[in-house]
Structure formats: C-alpha cells, structure tokens
Amino acid sequence: MSPYVAEFVGTMILVLLGNGVCANVNLTKTLGNDSGWIVIATGWGLAVAFAVYLVNAHSGAHLNPAVTIGLAVIGEFAWTEVGGYVWTEIGGYIAAQMVGAIAGATLVWLTYLPHWKATENPGNIRGCFCTAPAIPHTVGNLITEIIGTFVLMLGVLAILTPENLVPNTGFDKGFAPALVGLMVWSIGLSIGGPTGYAINPARDLGPRIAHAILPIAGKGDSGWNYSWIPVAGPIIGGVIGALFYQAVWPVS
C-alpha cells in the first residue's frame, strides 16, 4: 500500500470513529445521547489506536499534520517501515490526511443521517465535525492546543523509543498503537476540556470543511473565526514537542 493511501485510509477511519462518538453523544435520539465526556474521550482514544494499527506498517500512521511536520523538523522517520523520509513527502502526507478527514466526516454524516434533522442545536451538530472552545479566549485556546499537541508529540516519540518497546521482538509493533491511543485518551480526559483537544489540524479542518459543504439540516455556521486555532496551535505544539524531545532525549 502506498504511504499516501495509508494516510488517507487511516485518517478517514480515525475521523469516522472519533467524530462518530461525538455524534453518538451530541445528536438527538441516538442510543448514546448525552452519555458524556468520558465516552467521547474513550471513543477518540480507541479510534486513534485502531487507525494506527490499521496503517502503521504502511506509512508510520502519522494521521496528523502536526506529527508529520514535527518529525520532519527533527529529521526523524526511521522508526517507520517506509524509510527515506524527505521534505518533499510532507505535502503528500498532509494532503492525504486532509482528504481522509473530509471523507471520514462524510461517513459520519451518512451514518447518522436521520439524526441531524432531529437535532435542534446547531452547536451540537457542529461539534460532531470540529472543535469549539468551552470559553472563547484566543490566547488561552491557542495555548491549550499547543500544550495538548506538545504532550502528544512527546508521547509519540517516547512510545516509539526502542528502549521502551524492545525492537526486533514484535512487541513494538504489537503494543505501540495501543499506547498511542491510551495517551490520546489521557490527553482528552486531563486537558481536553477547554477546546475539545483537536491536537490535529486535519482532524479539525477536514471535518469543518465537510460541515460547510454537506447538506446538513439546521447546521448553522462552521465557526471559521475559530478555525485557525486548531490548525496553528497543534503545528506549533508538535514542533516544540519534537524539538524539546530531541534536546532532552536526543534521537539517535
């Protein structure tokens, strides 16, 4: 499988399952309606783990432009089976992630097709696609996304460290995706409340585009005034996290 196809498929499944749990909780008359934040955070953690398992052997399962850019900044791609990572691949990875996110959001729309019309709150509908802050505060919201993605990047690099997962035994490939999902679950539970923890530009911008173009009943606006924060914040946080990890625990 091409790494670009893998990034498309992996991000599509990530968004289908991740935004799917948001729809299950937020939309009216679903069986999971109003089941709460822990359900959302758990669903997202499991979505990440499954998506990484699905395509890790084919692309390294970045599924996130912030991760792709962060790894590129420190010149690190050797732990995936693709090898030979060069800057020219960044655009292909990010494009595949974005298109995959739009596709995944479209599948969420189709999965919950009768529930959009039954849901009167446009904020709940938009929340099935993209993030919004609990308290709008430009600086505070940006800082939250930076910190969340900083932790994500540290976690990804730490989990992939050979000293942690004993390479050449199969343990690294078998257990690492589950640990990444567990880490995302932890981020959601601990620091996801202020902004909904996008921590991934594709996860937020792709579905926001889908929200804008799909014929969703009563959807309201797509929150474009906020949309730059879950793009800029994760990229900044991912780069800082990668550089910090490299400085404190140099990547060999």
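Because the structure is a prediction, the values reported are computed rather than measured.

About the criteria used
Residues numbered from 1 in each chain as written. Predicted model: local features only at pLDDT ≥ 70, side-chain atom pairs only at ≥ 80, totals over all residues. Heavy atoms only, no water. Helix = DSSP H or I, 4+ residues; strand = E, 2+ residues; numbered from the N terminus. Rg over C-alpha atoms; globule rule 2.2 N^0.38 Å. Buried < 20%, exposed > 50% of the residue type's maximum accessible area, 1.4 Å probe, protein only. Axes fitted to C-alpha atoms, helices over the stretch in contact; angles between N-to-C directions. Parallel < 35°, antiparallel > 145°, perpendicular 65-115°, else oblique. Left-handed = near helix turned anticlockwise from the far one by under 90°. Nonpolar A, V, L, I, M, F, W, Y, C, P; charged D, E, K, R; others polar. pLDDT = per-residue confidence, 0-100. Contact = heavy atoms within 4.5 Å. Phe/Tyr/Trp six-rings, centres within 6.5 Å; stacked < 30°, edge-to-face > 60°.

1. Here we look at the overall build of the chain
Point 1. From N to C terminus, the chain includes 11 helices and 0 strands.
Point 2. Secondary structure elements in the chain, listed N-terminal to C-terminal, are α-α-α-α-α-α-α-α-α-α-α.
Point 3. Its C-alpha radius of gyration of 17 Å places the chain within 12% of the 18 Å reference for a compact globule of 252 residues.
Point 4. Each of the three principal axes of the chain carries a C-alpha extent, and together these read 55 × 40 × 35 Å.
Point 5. Among the 252 residues that make up the chain, the fraction classed as buried is 51%.

2. Observations regarding the packing of helix H7 (residues 138–159) against helix H11 (residues 229–248)
To characterise two packed helices, one gives the angle between the axes of the helices and the distance between these axes.
Point 1. Closest axis-to-axis distance for the H7/H11 pair is 7 Å, and the angle between their directions is 40 degrees. In terms of orientation, H7 lies oblique with respect to H11. In terms of crossing hand, the pair formed by H7 and H11 is right-handed.
Point 2. Residues that form the contact of H7 with H11 fall into these classes: 16 nonpolar, 7 polar and 1 charged.

3. Let's talk about the confidence of the model for the chain
Point 1. Here the chain averages 92 in pLDDT, and 92% of its residues register 70 or above.
Point 2. Mean pLDDT values over the elements of the chain span from 76, in helix H8 (residues 162–165), up to 98, in helix H10 (residues 201–213).
Point 3. Considering only residues more than four positions removed or in separate chains, one finds that residues 78–83, a stretch of pLDDT under 50, has 16 contacts.

4. Looking at the packing of aromatic side chains
Point 1. The final tally for this structure, using the stated rule, is 6 aromatic pairs.
Point 2. With 5.8 Å between their ring centres and 80 degrees between their planes, Tyr 4 and Tyr 93 make a pair best called edge-to-face. Of the two residues, Tyr 4 is situated in helix H1 (residues 3–26) and Tyr 93 in helix H4 (residues 89–111); the sequence distance between them amounts to 89 residues.
Point 3. By relative accessible area, Tyr 93 is classed as buried at 1%.
Point 4. Between the aromatic rings of Tyr 245 and Trp 249, the centroid separation amounts to 5.2 Å while the plane-to-plane angle is 40 degrees, which identifies the pairing as tilted.
Point 5. Residue classification places Trp 249 among the partly exposed residues on the basis of a relative accessible area of 45%.

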